[in-house]
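Structural overview
Now for the letters of each chain:
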Amino acid sequence: MAVDLPIQPRRTSKALRQKRLLIEAGIVVAIALVLILVMPLVLTGFRLGLLGRFLSLAIVALGIDLIWGFTGLLSLGHGIFFALGGYAFAMYLQLTELPAGQLPEFFSLYGVSSLPWFWQPFYSLPFTLLAMVAIPAIVAGLFGYLVFRNRIRGVYFSILTQAALVVFFNFFNGQQKLINGTNGLKTATSVFLGQQVGGPEMRYFFYVATVIALALMYALCRWLTSGRFGRMLVAIRDDENRVRFSGYNPASFKVLVFAVSGAIAGIAGALYTVQSGIISPQAMDIGFSIEMVIWVAVGGRATLIGAILGAVLVNIARTMLSERFPDVWLFFQGALFLLVVTALPDGIVGWVRSRFGDRLPALFGGPSAVPAYVAEMELEAESYREKELADQ
Amino acid sequence: MSGALLNIDNVTVSFDGFKALNNLNFSMNEGELRVIIGPNGAGKTTFLDVITGKVKPTEGKAYFKGSDLSKHKEHEISRMGVGRKFQTPRVYLNLSPRENLELSANRQKSVFPTLLKQTPTPEKRTVNSLLETIGLYEKGDIPAALLSHGEKQWLEIGMLVAQSPDLLLVDEPVAGLTDEETEKTGKLLMALAESHSVIVIEHDMEFVRQIARQVTVLHEGSVLFEGTMDQVQNDPRVIEVYLGQEATVTPEQMLILRIAASMAWADDNFAPVQQEVILSELSRQFASDPAGQQALREELQNYLAKRIPLEELVPQLQTPQQRELALKLSYEIISSNTINETEARVYQRLLSLLDLPPETVARLEAAALESLKS
């Protein structure tokens, strides 16, 4: 074991880590500014709307990456949380600007004369904004608590999430009198902050909101996955039973991270809904939830940037392909998934990282498995350069 | 016993009717280092499972520091001060040794303190000194997946210590290690035993001899025997369960074998030819038919690797015949290759211990040379 190293390696210094973090934050802000300021000039309104939707899908991909990539929980039912967030916002938009005592239009079709009780709080914007996050989080937390407490793991967990998805889908699909069933809730003509949701000003507003939300969710996931908590997630993924014998209760960690992931999906669902103009039980289609997993796999598991890239790139590819060859998309998506699983098991980012190694900024997940002494020598070289500069 | 650190009271664990543990009673005091041995399927790992809460006893109770373990979950038992090292090294491969240790060293293991607080400086210091102790300081920041098997074993032992448990459970720590690594692991465990109570489960008898003070032998889910290593090795029941057959070697024969082995070890060089002499001579002495001799040879081979001081062994010889046999055999062994100074000295010691008349000695030495020629 006693390897003779030229220099005694120490941990990456605090200053260097802070510097890396600053660079990363700078890159995130720069990308956000490009998306907000430059993209509207480059893209047509329609294309910008598409990009906004893709970016909101990238948010849900971040949530999937958090639980799958880092914690090893493969959820095939994130459509639930996505839809819950979407429905929460859409319900508010049905009620806003509505004359007192009047019901949203669809209720009259089914002979409903008074607003169902659970719609009442959605008159309030603050409640709605809270509910968008809290309802998916609570549902995810409760589901997680029941499942993880009973030590259901692996493929059984995945099957359960999908079963839950089917339950929610059927419930929302069948309840015309409560939430307009299969038709869903339309938001395009609703008014938000004095503007029509489907109008150009609001569309740009929601686009900007999506970019900001994505940056914030990235920061949140970055915080969660670095530090002790993040290492705990990896430890749970690597060997959950060992974690127990070290004195941790993995179930509570998993419940928390699953709830956070649900909340992130809820935010994504709300932003997606207002940008596409409708939320319907189709958001809880099994295929859609599986697609979310594919985005993360394509981009690269356990690399947050990979989740974002995967979601955006796969959806751009989908749009371009289905515009020209409407029928081939599903085949292409299947082929893409097979390709990634067989040829690029670590996704795009994993491939880039293994090709270009350390020359990437921390945004791509930071330096990977470099022997510590290499990093240390770089550090030494850097401090030497700094000293030289100071001497001059 | 009150005041015992660990007390297993009549515990039975059955899986679908198969009793992995059967009315097991075990007790251990604070500060003790206890080695548990037993053939495969004796229930050693189940025993650890009961202590760590992985398996609940079907009957009976297990107490740690006086509290009933069946009422607690694994992580709670771990927080009460029981640390466990698994048979195969189980470390978090995608984390560095330092991160592995930091997770174990964490004093507040519920979700929110882990999320919100930084690792406190004292814990960082603990981790650094642990990295030194287990010899992984240089490799502290590379993924644990890149460590060798032995390094992973040490890392896991380090993780145990980082938890600062009162009781360490160590399951086969030297399985798959080189001799050098085994010795190092033994030293590490001995150092730990100075400040912790330790239970070690082990197959490797050489290693057990290195570290053992008190040994418990498990067989078919119950305690078969408890005692010092020498008592254990001479106990016919233990020999029987270990070899899965009737013991063909009597304790007296075993004693003679031991003396012979000590002679062979005298110059720290147990040559194959010496082993050959012992085996063929003894199997001839103690078994009549060739099949019996062959079986005995294989059985004896297991006991040759031990070194016990002659002063301990010789007084146990009962009859003059045994003394004579021991002498003859020993002389044969040292004569099987050129006698060197050390061997000669040890032989002189044996002679004085045996205290036989000079003419008998001369007669036996001649007989020994005779049988060596044939």
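Since we're looking at a predicted model, the values are computed, not measured.

About the cut-offs
Residues numbered from 1 in each chain as written. Chains lettered and ligands numbered in written order. Predicted model: local features only at pLDDT ≥ 70, side-chain atom pairs only at ≥ 80, totals over all residues. Heavy atoms only, no water. Helix = DSSP H or I, 4+ residues; strand = E, 2+ residues; numbered from the N terminus. Buried < 20%, exposed > 50% of the residue type's maximum accessible area, 1.4 Å probe, protein only. Contact = heavy atoms within 4.5 Å. Areas by Shrake-Rupley, 256 points an atom, 1.4 Å probe, with all protein chains shown as cover. Buried area = accessible area lost by both parts, 1.4 Å probe. Polar contact = N/O pair within 3.5 Å; in protein donor to acceptor, adjacent residues only side chain to side chain. Nonpolar A, V, L, I, M, F, W, Y, C, P; charged D, E, K, R; others polar. Core = buried A, V, L, I, M, F, W, Y, C linked by side-chain atoms within 4.5 Å. pLDDT = per-residue confidence, 0-100. Pairing = 2+ DSSP bridges. Domains from an automatic or database assignment. Phe/Tyr/Trp six-rings, centres within 6.5 Å; stacked < 30°, edge-to-face > 60°. Salt bridge = Lys/Arg side-chain N within 4 Å of Asp/Glu carboxyl O.

Further remarks concern the overall build of chain A. Each helix and strand counted, chain A has 16 helices and 4 strands in total. Across the 392 residues that make up chain A, the buried fraction comes to 49%. Here the contacts in chain A between residues at least 6 apart in sequence split such that 77% fall between residues at least 24 apart. Roughly 18300 Å² of accessible area belongs to chain A as shown, and the carbon and sulfur atoms make up 66% of that amount.

Chain A puts 35 residues into the contact, and the matching count from chain B is 46 residues. Of the roughly 3700 Å² buried between chain A and chain B, counting both surfaces, carbon and sulfur atoms make up 58%. Counting every contact that joins chain A to chain B gives 18 residue pairs in polar contact (both at pLDDT 80 or more). Within the residue set of the side of chain A that touches chain B, elements represented by two or more residues are α8 (200–225), α9 (227–238), α10 (240–245) and α11 (250–276) of chain A. Here the side of chain A that touches chain B gets 8 residues from one element, more than from any other, and that element is α9 of chain A. Of the residues contributing to the side of chain A that touches chain B, the split by class is 19 nonpolar, 6 polar and 10 charged.

Next up on the list: the nonpolar core. Judged by nonpolar contacts, the single largest core of 155 residues is most densely connected at Phe82, Phe89, Trp119 and Trp295 of chain A together with Leu101, Leu155 and Val215 of chain B. Top element by residues in this core is α11 of chain A. It accounts for 15 residues. In contact with leucine 101 of chain B, not counting residues within four places along its chain, are Val127, Leu130, Leu131, Ile134, Leu155, Gly158, Met159 and Ala162 of chain B. Residues Met263, Leu313, Leu351 and Val361 of chain B belong to the second largest nonpolar core, which totals 31 residues.

To continue, consider the confidence of the model for chain B. Residues and elements named next belong to chain B. Averaged over chain B, the pLDDT score is 83; the fraction of residues at 70 or greater is 88%. Highest mean pLDDT in chain B belongs to helix α2 (residues 74–80) (93); lowest belongs to helix α13 (residues 290–301) (66). The ipTM for the predicted assembly is 0.80, set against a pTM of 0.77.

Turning to the pairing of strand β6 (residues 82–85) of chain B, a few remarks are in order. Residues and elements named next belong to chain B. On β6, burial covers both faces: Val82 and Arg84 on one face and Gly83 and Lys85 on the other are all buried. In terms of strand pairing, β6 meets strand β7 (residues 167–171) through 4 bridges, oriented parallel. Bridged to lysine 85 within β7 is valine 170.

Further remarks concern the environment of glutamate 30 of chain B. Residues and elements named next belong to chain B. With respect to the element layout, glutamate 30 can be found in the loop between β2 (18–28) and β3 (33–37). Taking relative accessible area as the criterion, glutamate 30 reaches 61% and is therefore assigned exposed. Sequence-wise, glutamate 30 and glycine 221 are 191 residues apart; in three dimensions their C-alpha atoms are separated by 24 Å. Setting aside its immediate chain neighbours within four residues, glutamate 30 contacts Leu5 and Ser197.

Before going further, it helps to spend a moment on the domain arrangement of chain B. Here chain B is described as being made up of domain 1 (4–243) and domain 2 (251–373). Computed from C-alpha coordinates alone, the two centres of domain 1 of chain B and domain 2 of chain B are separated by 39 Å.

Moving on, we come to the packing of aromatic side chains. Residues and elements named next belong to chain A. One pass over the structure, following the stated rule, counts 31 aromatic pairs over all chains. Ring centres of phenylalanine 106 and tryptophan 119 lie 6.1 Å apart, and the angle between their planes is 50°; this geometry places the pair in the tilted category. Of this pair, phenylalanine 106 sits in helix α4 (residues 106–109) while tryptophan 119 sits in the loop between α4 and α5 (125–149), placing them 13 residues apart in sequence. In terms of burial, phenylalanine 106 and tryptophan 119 fall into one category: buried. When the centroid spacing of 5.8 Å and the interplanar angle of 75° are considered together, the rings of phenylalanine 171 and phenylalanine 172 count as edge-to-face. Using a relative accessible area of 9% as the deciding quantity, one classes phenylalanine 172 as buried. Counting every residue linked through ring pairs, the aromatic cluster contains Phe81, Phe143, Phe148, Phe157 and Phe258.

Reading fine detail from the predicted coordinates is not recommended where pLDDT is low. Residue and element names in this part refer to chain A. Taken over all residues, the pLDDT of chain A has a mean of 86, while the share at 70 or more is 88%. Note that pLDDT drops below 50 for residues 1–10; the model gives that stretch 25 contacts with residues more than four away or on any other chain. Below a pLDDT of 50 lies the segment residues 365–392, which in the model reaches 29 contacts outside its immediate sequence neighbourhood of four places, other chains included.

What follows covers the pattern of salt bridges. Scanning all chains against the criterion turns up 26 salt bridges over all chains. Between glutamate 240 of chain A and lysine 254 of chain A there is a salt bridge, with its nearest N and O atoms 2.9 Å apart. In this pair, glutamate 240 of chain A sits in helix α10 while lysine 254 of chain A sits in helix α11, placing the two residues 14 residues apart along the sequence. We note that glutamate 240 of chain A, like lysine 254 of chain A, is buried. Between aspartate 68 of chain B and lysine 61 of chain B there is a salt bridge; the shortest N-O distance is 3.5 Å. Owing to a relative accessible area of 35%, lysine 61 of chain B belongs among the partly exposed residues under this scheme.

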